[in-house]
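Read off the chains here:
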Amino acid sequence: MKVFRSHLLLCGGTGCQSSGSLAVKKALIEDLDKRNLTEEIKVVETGCNGFCALGPILVVYPEGVIYVNLKPADIPELVEEHLIKGRILERLLYREPGTDKIIPTMQEIPFFALQELRVLKNRGLIDPEKIDEYIARDGYAGMAKALTEMTPDQIVKEMLDSGLRGRGGAGFPTGLKWKFAAGSKSDIKYVLCNADEGDPGAFMDRSVLEADPHAVLEGMVIAAKAIGSTQGYVYCRAEYPLAIHRLNIAIAQAKEAGLLGKDILGTGFNFDLEVYQGAGAFVCGEETALMTSIEGKRGMPRPRPPFPAVAGLWQKPSILNNVETLANVGQIMLRGSAWYASIGTEKSKGTKVFALTGDVANVGLVEVPMGTKLGTIVYDIGGGIPKGKKFKAAQLGGPSGGCIPVQHLNASVDYEKVAELGAIMGSGGLIVMNEDKCAVDMARFFMDFCQDESCGKCTPCREGTKRMLDLLTKITQGKGKEGDIELLEEMAGVIKNAALCGLGQTAPNPVLSTIRYFRKEYEEHILEHRCRAAVCSAMFKSPCQHTCPIEMDIPSYIALVRAERFEDAYKILLQTNPFPSVCGRVCDHKCQSKCRRDNMDESIAIKFLKRFITDNAPRPKIEAVPVTRKEKIAVVGGGPAGLTAARDLALRGYKVTVFEELPKAGGMLYWGIPSYRLPRNILDHEIDDIRKLGVELRLNTRIGKDITFAKLEKDFDFIYLATGAHKSQKMGVTGEELGNVFGGVEFLRDFNANEDKWLKGEKTLGKKVAVIGGGNSAIDAARVALRVGSDVTILYRRLRADMPAAEEEIKAAEEEGIKIEYLIAPLKIEGKNGKVSSISCQRMTLGDFDNSGRKKPVAVADSEFTLKVDAIIAAIGQVPDMSFVDKKTGVEVNKWDCYNVGKGYKSRTANPKYFAGGDAVTGPDTVIAAIGDGHQAADDIDAAIRVANGEPAYEKPAKEIINVPLIIDEESIEAPQMHMPEMNHDTRKLSFAEVELGFNREDAIKEACRCLRCDAAV
Amino acid sequence: MAKLTIADLKKIKEKVHKEMSLRDGDRRVKVTVHMGTCGIASGAKEVMDTLLQEIETAGANDVIVTTSGCMGLCSREPLVTVEVLNQAPIKYEYINPNKMRQIFKKHILAGEIQTPFVLAKGSEVNK
């Protein structure tokens, strides 16, 4: 008998075969053959061993080691490592799921725990095609009670007392509707169920019909008894074949059991019903159009009065109720109106089912008591917005409704409050929208829908929706005009008042709602041709370029990287950005947040590619520009805004002098951002290039002290104030004046001014340092403190997801060993001998939402604790230091300590000689925003000068034409963003060497190939 | 079914409760494949077919299979609930045919809950 040293059992079961075990087997046999191992090692194909979802599976005997998820490409390594070298291949090893992993109960999952099921009480628990299972859960018991123990008047009273309001959207009291119909005298009356559910995004009714059809039937029988009807129809849209199928089965089973039809439950009461299929018209969800449709005519509404309760289907008294409304009725009869009214708000009783969908983690059906907060539904039940995006608005009520924006997350969802906010409850569709959705486009979408579905009978709707859609479409294409918003509002008013039915009357709602909350977006589309969500693509080349504050031509320089023309790529960068090296390292890359590739796998590493270009291509040589203009311009502040303005003006032939109070220029780039993020020589080269143009840089010169404003005004024609925001905000706790308590920016400035002393240990923070704050400054201060030898903990008062700092920065800090504690706020600082010795803090919990959509931290009583520290760095925000501004200049400083601009030109102050920009105007913002401000100021100053001289406007010299190749791949294979190699975690915190190491050539080109070329126009 | 009276409604309720709670001797496991449109669109039919096939191949006579409509968390469909006699029901999420096979062999037959695929245990409480 042949003896083998090893047996390889490969699963050949159905599951593993469908995962590719045959290919693995082939690869295995081939590899063993290649290595001449077939005499020693036997491959056996076995039956299924049960791990079907982890296949293909291989068990190696005699060890009994299990390898899972095998691919043919894994085989050579597996054979080499395990069979030849005898080493287990860890990465393919089967890992027993941790036995300590606790399975949560349904009640521990907020999605389920926070719901209150009444309409959906049977969900997941019964087979809808078995009437017995419905009966077993109290089905038809309410009907039995209504038919045998109650009079029609009593039934109506019970409905009135319950407070149930129509769940189709209008919210009319159901009991009242039934009362009117009951009071109408007629031998024939009809009970109708509206199962048309036309709202885009709504699927509650479909779910009820598919999962629990008998609940609807039971409700209709009770309604029939209440008003005196013997015939009913369920109007169900034909697009719901499963619902129709299950309804028909339910009707047949109910009839067979004597629960529908003649002599129900032997009480002598007759009620029969059929299903009538809708034919695909949204308008047929409207009461009178629905009835017209059942009558066999084209679904068009009729004027009311007469109301259906008086003259409805075939002119007979009829009631039309929504599926969800009817599903409540049986339980109201069984358990009583008091039970039903025990939850909800004063005017909105009971529960509401929402179809939660859109940009939310848990898409599904949510039933909550009326009055539940919107934020609870979106965040606690819905699980929040995926992919770290921000919440923008929730659309309620579909094409008839409106949106509720982030500042109203605390709003209670009930009929009155929702109407107050400009939306309607609607049938229950709740579409969550994140920051990547455009408000104008959303309004256009719903108007498009309404215009399409308009039956055409009345002029206001037929013509009005068409014209409104026209206007909205033009706005999204950048063809909007001043006055368009007002025209939309005017038309909306007319259509709302004059349209014949609910479709027309509510079609303008999404437009009015978005104008109410997002008017700025409409104005940006019309006046600036800007879509901040980067959706309205007719207005821009590519979303990345459109989102960049200085509109860098991203697709072009990425295409040039792909084509290995790095020098040309550098030229493209410099067309808009004087600091591409800097931005390639520290930009907050909003462009990447709108990169379309993110919808496929991950965004392109635009920032890293920009850095690659500047690191690997020779920088174009700078020649001095001759001074051809007589006006002299002073720039106060040598940061990115000031230097950009100086450069632009120098390029136009002006003589520019930059005054900087500190010994080195760069502003926050030098004094705020540490060198392990932005190496000094990189920054120096880019500042040098500006100097080479002919800009004079006067360091160590403080305006207002070394040189008065009066002298400045005498020597210069125009002055640009770009003095930044670098005074740390105080925490406002006692003990803040103690020694070794620093502001974040002040600490970083001190470090940069005395780097030698800090690195030698002559200056030190001490062993334990606490950093308060969650922005980039806090992270910078923390990582510097770590590098000068301290043990650092960051204390932040909210959650990680709320921290303004860039995610990559937070991660880098954690990897270096910095601890971050959340939900902690400082109370007071204690000291000894004039220096800080400890800080007392308080734990926070999260309360209601604030206007920014974040939950407000609320102090937890009796949760104070004390941390021993040797130094505290408070980096909770910066404000400009305006103490140096001479009031006689007339330059206004507002209540936020920022310059007021916008007088005539975007960047001009109240004094026409003074312009201002950067952090000193906006408050702390990004480098790229400051560069944008610098460009704006140069444009404004130059324009002001030319206008004053009567000269024609500035004409930009023709750009060098750089041919950008257009290569679009037939197919894009999914691949994550190229990973940026970094210095090892342990070594890097010992020095200030740059942590990110940059792409190599091969990786950069690979990454550039992932670009989908959204700018392509064929 | 003959025409029912009110008394009949109560009797059916008791009878079905007994059946549905698995106290009857030859029913050990109840599996519910949730088949609303959300489930079907995500592949619940294939999951159902796989389950029935595995039951047949294994000759498992003590396993009953039933369906229901949508159970609420549409984004995690296909969802399958496995209820073993005297144990809390286990809800599995994102199920495909291979996972169904594994759950059948390892949980339903061998009693080992397949934790990586579990959403939760227990039921929604109806107040």
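Further up the page is the structure itself.
Residues numbered from 1 in each chain as written. Chains lettered and ligands numbered in written order. Predicted model: local features only at pLDDT ≥ 70, side-chain atom pairs only at ≥ 80, totals over all residues. Heavy atoms only, no water.

**Q** Tell me about the side chain of Gln545(A), and name the residues and values.
**A** Residue and element names in this part refer to chain A. Locating Gln545 in the fold gives a position in helix H22 (residues 543-547). A polar side-chain atom of Gln545 sits 3.2 Å from the main-chain carbonyl oxygen of Glu551. Beyond its immediate sequence surroundings of up to four residues, Gln545 is in contact with Glu551, Met552, Asp553 and Ile554. (Helix = DSSP H or I, 4+ residues; strand = E, 2+ residues; numbered from the N terminus. Polar contact = N/O pair within 3.5 Å; in protein donor to acceptor, adjacent residues only side chain to side chain. Contact = heavy atoms within 4.5 Å.)

**Q** Break down the layout of surface pockets for me, with residues and values.
**A** Rolling a probe over the atoms, with the probe sized like a water molecule, indicates the empty space that remains. Residues and elements named next belong to chain A. Approximately 1,200 Å³ is the volume found for the second largest pocket. As for the second largest pocket, its lining consists of 41 residues, of which Gly168, Gly169, Ala170, Gly285 and Glu287 are closest to the centre. Among the secondary structure elements, those contributing two or more residues to the lining of the second largest pocket are helix H8 (174-183), strand E8 (318-322) and helix H20 (502-506). Per-element tally for the lining of the second largest pocket: the top contributor is E8, with five residues. (1 Å grid on protein atoms, 1.4 Å probe; cavity = no way out; pocket = protein on both sides within 12 Å on 5 of 7 lines; lining within 4 Å. Points joined across faces, edges and corners; volume = space filled by probe spheres on them.)

**Q** Please give an account of the interface of chain A and chain B that cites residues and values.
**A** The interface of chain A with chain B comprises 61 residues on the first partner and 52 residues on the second. The largest share of the area that chain A buries against chain B comes from Ile103(A), Met106(A) and Ala136(A), three residues that together contribute 13% of it. Taken together, the links from chain A to chain B amount to two salt bridges. In this structure, Glu124(B) engages Arg123(A) in a salt bridge whose closest nitrogen and oxygen atoms are separated by 2.9 Å. Contributing elements (two or more residues each) for the side of chain A that touches chain B: helix H1 (14-18), helix H4 (110-113), helix H5 (131-136), helix H6 (141-149), helix H9 (204-211), helix H11 (241-256) and strand E10 (364-369) of chain A. Per-element tally for the side of chain A that touches chain B: the top contributor is H5(A), with five residues. (Buried area = accessible area lost by both parts, 1.4 Å probe. Salt bridge = Lys/Arg side-chain N within 4 Å of Asp/Glu carboxyl O.)

**Q** How would you summarise the packing of aromatic side chains if you had to cite specific residues and measurements?
**A** Residues and elements named next belong to chain A. Throughout the structure, instances matching the rule amount to 25 aromatic pairs over all chains. Between Phe51 and Tyr94, the aromatic rings sit 4.7 Å apart at their centres with planes inclined by 50°, giving tilted as the arrangement. You can see Phe51 sitting in the loop between strand E2 (41-46) and strand E3 (58-61) and its partner Tyr94 sitting in the loop between helix H3 (75-84) and H4, a full 43 residues away along the chain. Each member of the pair, Phe51 together with Tyr94, is buried. Centroid distance Phe742 to Phe747: 6.1 Å. Interplanar angle 45°. Geometry classified as tilted. A relative accessible area of 24% means that Phe742 is categorised as partly exposed. Assessed through its relative accessible area of 0%, Phe747 is described here as buried. Here the aromatic cluster, defined as three or more aromatic residues joined through ring pairs, consists of Tyr676, Phe742, Phe747, Phe751, Trp758 and Phe992. The ring centre of Phe269 lies 5.9 Å from the NZ or CZ of Lys225, which sits over that ring. (Phe/Tyr/Trp six-rings, centres within 6.5 Å; stacked < 30°, edge-to-face > 60°. Buried < 20%, exposed > 50% of the residue type's maximum accessible area, 1.4 Å probe, protein only. Lys NZ or Arg CZ within 6 Å of the ring centre and 35° of its normal.)

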